[in-house]
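Report on the structure
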Amino acid sequence: MAAVVAEGDIFDAALAALIESAGYDARVVEPAQLTGLRNAAAILVRSAAMLGFVRRVPALRSVKIIFVGNGVAGFEHIRVSPRAPGAEEALHRALATAAGPPTPQSAPELANRVRLTERELEILRTYTLGATLRQTSRAHAIAESTVREHYRRVARRYEEAGRPIGNKAQLLVEFITDGWVRP
């Protein structure tokens, strides 16, 4: 299991989804829960402050730390630069170094994957990756109401699958989890 130390933003869930897509179990863990963490093969952190905090927890001294960022001098950790070419492959190598190769039983379960049409995916990918409703409608030469309808229809499917969507950021995380969008 790989533990992602929570920073309190959408990237916590996105990083966990990326780890799961690589075939590893992942859990987002609040910093206060770190002292009771058991069975973690790797701990992933995204800030220098959190790296220092994790390093001060005596129970975690033997756990490999993967820092998703530029790294900090004076700490032993595996560094993955998220903006470098090949960042996803670097993360996979870091996970394999820390936790070993993924096992078939820890491969992501896609039985609960929500199915999308190519057109829904095309439109909603633009929308969830940062475009406004107006920008999305213009980019795809459709009405704003059509973008809203695609969003509602897909959100309803996620609701029926037991994975409710409250906003477009949550939809993006679900798209990453299902493999429709690569971070």
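The coordinates are above.
Scope of this entry: the structure provided in the associated data block.

Conventions used here
- Starting from 1, residues in each chain are numbered consecutively following that chain's sequence as written.
- Whole-chain, interface and lining totals are the exception, using all residues; otherwise, since this is a predicted model, local features are given only for residues with pLDDT of at least 70 and side-chain atom pairs are given and counted only at 80 or more.
- The side-chain numbers reported here are obtained from all heavy atoms of the structure, hydrogens and water having been left aside.
- For Phe, Tyr and Trp, rings pair up if their centres lie within 6.5 Å, where Trp contributes its six-membered ring, and each pair is then called stacked (planes under 30 degrees apart), edge-to-face (over 60) or tilted (otherwise).
- Secondary structure follows DSSP: runs of H or I at least 4 residues long count as helices, runs of E at least 2 residues long count as strands, and numbering of each begins at the N terminus.
- Accessibility here uses a 1.4 Å probe with only protein chains present; expressed as a share of the type maximum, an area under 20% marks a residue as buried, one over 50% as exposed, and anything in between as partly exposed.
- In this description, strands pair whenever DSSP reports at least two bridges between them.
- Angles shown run from 0 to 180 degrees and are taken between the N-to-C directions of axes, each axis being a line fitted to C-alpha atoms and, for helices, limited to the stretch in contact.
- Here, two residues are considered to be in contact whenever any of their heavy atoms come within 4.5 Å of each other.
- A helix's residues, less one, multiplied by 1.5 Å, set its expected span.
- Salt bridges are counted wherever a side-chain nitrogen of Lys or Arg sits within 4 Å of a carboxyl oxygen of Asp or Glu.
- Should an angle lie under 35 degrees it is considered roughly parallel, over 145 roughly antiparallel, and from 65 to 115 roughly perpendicular; all remaining angles are considered oblique.
- Two helices that cross are described as forming a left-handed crossing if the nearer one is turned anticlockwise from the farther one by less than a right angle, and a right-handed crossing if clockwise.
- Under the grouping applied here, Gly and all other residues not named as nonpolar or charged are polar, the nonpolar ones being Ala, Val, Leu, Ile, Met, Phe, Trp, Tyr, Cys and Pro and the charged ones Asp, Glu, Lys and Arg.

**Concerning the packing of aromatic side chains**
Per the stated rule, a full pass over the model turns up two aromatic pairs. Here Tyr127 and Tyr151 contribute two aromatic rings whose centre-to-centre distance is 6.1 Å and whose plane-to-plane angle is 85 degrees, an arrangement assigned as edge-to-face. Residue Tyr127 is located in helix α4 (residues 118-128), and its partner Tyr151 is located in helix α6 (residues 144-160); the two are separated by 24 residues in the primary sequence. Of the two residues examined, Tyr127 and Tyr151, each falls in the buried class.

**Re the sheet that holds strand β4 (residues 64-68)**
Within a sheet, neighbouring strands are paired by backbone hydrogen bonds and run either parallel or antiparallel to one another. Here five strands make up an open sheet; going across it, the order is β2-β1-β3-β4-β5 and the pairing parallel. The sheet is open, and its two borders are formed by β2 (26-29) and β5 (78-80), each paired with just one other strand. Between one strand axis and the next, the sheet turns by 25 degrees as a mean value, whatever way the strands run. Bridge count between strand β1 (residues 2-5) and β2: four bridges; the pairing is parallel. The residue of β2 that forms the bridge with Ala3 is Arg27. On top of the sheet, helix α2 (residues 48-55) reaches β1, β3 (42-45) and β4; it is set at about 170 degrees to β4, its chief contact.

**Topic: helix α1 (residues 10-21)**
Between its first and last C-alpha, α1 extends 17 Å over twelve residues, near the 16 Å set by a 1.5 Å rise per residue. Residues of α1 that are buried make contact with β1, β2, β3, β4, α3 (87-99) and α7 (168-178). Of the residues trailing α1, Gly23 is marked for its positive phi of about 100 degrees.

**Structural notes on unusual backbone geometry**
A positive phi angle, close to 55 degrees, is found at Ala141, a residue other than glycine. In this structure, Ala141 sits in the loop between α5 (133-139) and α6. Assessed through its relative accessible area of 73%, Ala141 is described here as exposed.

**Side note on the pattern of salt bridges**
Scanning the model with the defined rule gives ten salt bridges in all. Here Glu144 and Arg148 are joined by a salt bridge, their closest N and O atoms 3.8 Å apart. Of the two residues, Glu144 and Arg148 are both situated in helix α6; the distance of four residues between them amounts to about one turn of the helix. Here Asp178 and Arg163 are joined by a salt bridge, their closest N and O atoms 2.9 Å apart. With Asp178 in helix α7 and Arg163 in the loop between α6 and α7, the pair connects residues that are 15 residues apart, well separated along the chain. This pair shows no difference in class: Asp178 is buried, exactly as Arg163 is. Through salt bridges with shared partners, a single ionic network connects Asp9, Asp12 and Arg46.

**Re the packing of α6 against α7**
For the pair α6 and α7, interaxial distance at closest approach is 12 Å and the crossing angle is 60 degrees. Taken together, α6 and α7 sit at an angle that is classed as oblique. Here α6 and α7 pass one another in a crossing that is left-handed. Along its contact with α6, which presents Tyr151, Val154 and Tyr158, the element α7 presents Lys168, Leu171, Glu174, Phe175 and Asp178. The residue inventory of the contact of α6 with α7, partitioned by class, reads five nonpolar, no polar and three charged.

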